[in-house]
Amino acid sequence: AGEIAISMKKINAIIHVDKTQNLVTTQTGRTAGEIQKAANDAGMMAAIGQAARVGVGFLLNGGFGHQTRLMGLGSDRVVGAEVVLADGSHVCVGNQPVSDPKSPDCDRKRLSHAQSEALLWAIRGAGPNFAVVLSLTVSMIDLRYADYNFQDFPLGK
């Protein structure tokens, strides 16, 4: 048995911010803080983790954070993913645009609807165990309807 670690730092574009559906699509090399900023700039709020420097991969392992009581776990907000499976196939599941318009399109026909839904369910909580996730689409809350206040108090000297 072996293990592999893949750095996603250079796969880091914010692909699409959809204000009409309150969705943000991002490649997985982005940080939680960058996702939150893109969402905030568009009048939305993301369910991010407790540290802005954590990678967006936190959504693939639960995504507990300050907004959990308001929005649920971050993984509950994942509505689509672009992934590479163990056999090398490039597929999109759920509500997911392709992350790089210059790359080959995701194969949306390779998986049945049931398989696509099962893979999306598996990714939302244990993503790294099932595929290399290239990008995610995450649902947001419209800031006009969010009643949320977070204060960060620095530690004393």
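Residues numbered from 1 in each chain as written. Predicted model: local features only at pLDDT ≥ 70, side-chain atom pairs only at ≥ 80, totals over all residues. Heavy atoms only, no water.

## Thoughts on unusual backbone geometry
Phase 1 of the analysis: In this structure, Asn 22 takes a positive phi of about 55° despite not being glycine.
Phase 2 of the analysis: Within the secondary structure, Asn 22 sits in the loop between β1 (14-18) and β2 (23-27). (Helix = DSSP H or I, 4+ residues; strand = E, 2+ residues; numbered from the N terminus.)

## As for the sheet that holds strand β5 (residues 90-94)
Phase 1 of the analysis: Taken together, five strands build an open sheet; the order of strands is β1-β2-β6-β4-β5 and the sheet is antiparallel. For this open sheet the edge positions go to β1 and β5, each flanked by a neighbour on one side alone. For this sheet, the mean angle separating the axes of adjacent strands, direction not counted, is 10°.
Phase 2 of the analysis: Examined bridge by bridge, β1 and β2 share four bridges and lie antiparallel to one another. In the sheet register, Ile 14 faces β2, and the bridge partner there is Thr 26. (Pairing = 2+ DSSP bridges. Axes fitted to C-alpha atoms, helices over the stretch in contact; angles between N-to-C directions.)

## What to know about the pairing of strand β6 (residues 132-139)
Phase 1 of the analysis: Of all eight residues in β6, seven are buried; the element is thus mostly enclosed.
Phase 2 of the analysis: Pairing geometry for β2 and β6, over five bridges, is antiparallel. For Thr 26, the partnering residue across the bridge sits in β6 and is Leu 136.
Phase 3 of the analysis: As judged from the six bridges shared by strand β4 (residues 78-84) and β6, these two strands associate in the antiparallel manner. Bridge pairing links Gly 80 to Thr 137 in β6. (Buried < 20%, exposed > 50% of the residue type's maximum accessible area, 1.4 Å probe, protein only.)

## Some points on the nonpolar core
Phase 1 of the analysis: If you look at the biggest cluster of nonpolar residues, it comprises 27 residues, and the most contacted ones within it are Val 83, Leu 119, Ile 123, Leu 136 and Met 140.
Phase 2 of the analysis: Looking at this core, the elements with two or more residues in it are α1 (32-41), β4, β5, α3 (113-126) and β6.
Phase 3 of the analysis: Here Leu 136 is in contact with Val 24, Thr 25, Thr 26, Thr 28, Val 56, Leu 59, Leu 60, Val 78, Gly 80, Ala 81 and Gln 96, once residues within four sequence places are set aside. (Core = buried A, V, L, I, M, F, W, Y, C linked by side-chain atoms within 4.5 Å. Contact = heavy atoms within 4.5 Å.)

## Here we look at the pattern of salt bridges
Phase 1 of the analysis: For the structure shown, the criterion picks out two salt bridges.
Phase 2 of the analysis: Between Arg 30 and Glu 34 there is a salt bridge, with its nearest N and O atoms 3.5 Å apart.
Phase 3 of the analysis: On the accessibility criterion, Arg 30 (21% relative accessible area) is partly exposed. (Salt bridge = Lys/Arg side-chain N within 4 Å of Asp/Glu carboxyl O.)

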